[in-house]
Amino acid sequence: MPERNPKALRAAIQQHAPKLLVDFDRHWRRDIADAYDLAPVPAFLARWWGEFALARDPKTEARVHSLEDEAAQERDYTRAKALIEEAGRIRREAAKAEPGQ
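How each quantity is defined
- Residues numbered from 1 in each chain as written.
- Predicted model: local features only at pLDDT ≥ 70, side-chain atom pairs only at ≥ 80, totals over all residues.
- Heavy atoms only, no water.
- Helix = DSSP H or I, 4+ residues; strand = E, 2+ residues; numbered from the N terminus.
- Contact = heavy atoms within 4.5 Å.
- Areas by Shrake-Rupley, 256 points an atom, 1.4 Å probe, with all protein chains shown as cover.
- Lys, Arg positive; Asp, Glu negative; His and termini not counted.
- Charge placed at Lys NZ, Arg CZ, Asp CG, Glu CD.
- Phe/Tyr/Trp six-rings, centres within 6.5 Å; stacked < 30°, edge-to-face > 60°.
- Buried < 20%, exposed > 50% of the residue type's maximum accessible area, 1.4 Å probe, protein only.
- Lys NZ or Arg CZ within 6 Å of the ring centre and 35° of its normal.

Undergrad: Sorry if this is basic, but what is going on with the overall build of the protein here?
TA: Each helix and strand in the protein was counted, giving 5 helices and 0 strands. The helix and strand sequence of the protein, counted from the amino end, reads α-α-α-α-α. When contacts within the protein are restricted to residue pairs at least 6 apart in sequence, those whose partners lie at least 24 apart make up 57%. Within the structure as shown, the protein displays about 6,800 Å² of accessible surface, and the carbon and sulfur contribution to it stands at 52%. Each charge class in the protein can be summarised by its mean position, and for the 18 positive and 18 negative side chains these summaries are 2 Å apart.

Here you go:
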């Protein structure tokens, strides 16, 4: 994982997970680039930190997307909820990665 700042994270995404770069840049321009209030930056960084952490491990990323897709098709609310909760748990665990890991 890169240093925990937007510039380092963008560079890491560009190098290791370029499929995320268009969305990262779009989100940055929309919510952060012209903002006078930097309050949203920590939330932005947390979101993309987790996305990059997940994208570094294609097997785990595929598992999360599979759970989310399965939940979207599931007719049983309890089962769909369990699938989404599992996907969320995996995402949260991936986002715990620290710089240098």
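Undergrad: Looking at this structure, how should I read the packing of aromatic side chains?
TA: For any pair of aromatic rings, the description rests on two quantities: the centre-to-centre distance and the angle between the ring planes. Enumeration over the complete set of coordinates arrives at 3 aromatic pairs. Between phenylalanine 24 and tryptophan 48 the ring centres are 5.5 Å apart and the planes differ by 80°, which places this aromatic pair in the edge-to-face class. With a gap of 24 residues between them, phenylalanine 24 in helix H2 (residues 21–33) and tryptophan 48 in helix H3 (residues 41–55) connect regions that are remote in the sequence. A relative accessible area of 2% means that tryptophan 48 is categorised as buried. Ring geometry for tryptophan 28 versus phenylalanine 44: centroids 5.2 Å apart, planes at 65°, classification edge-to-face. Residue tryptophan 28 is located in helix H2, and its partner phenylalanine 44 is located in helix H3; the two are separated by 16 residues in the primary sequence. Relative accessible area serves as the criterion here: at 27%, tryptophan 28 is assigned to the partly exposed category. Among the aromatic residues, those joined into a cluster by ring pairs are Phe24, Trp28, Phe44 and Trp48. Positioned above the aromatic ring of tryptophan 49 is the side chain of arginine 4, whose terminal nitrogen or guanidinium carbon lies 4.1 Å from the ring centre.

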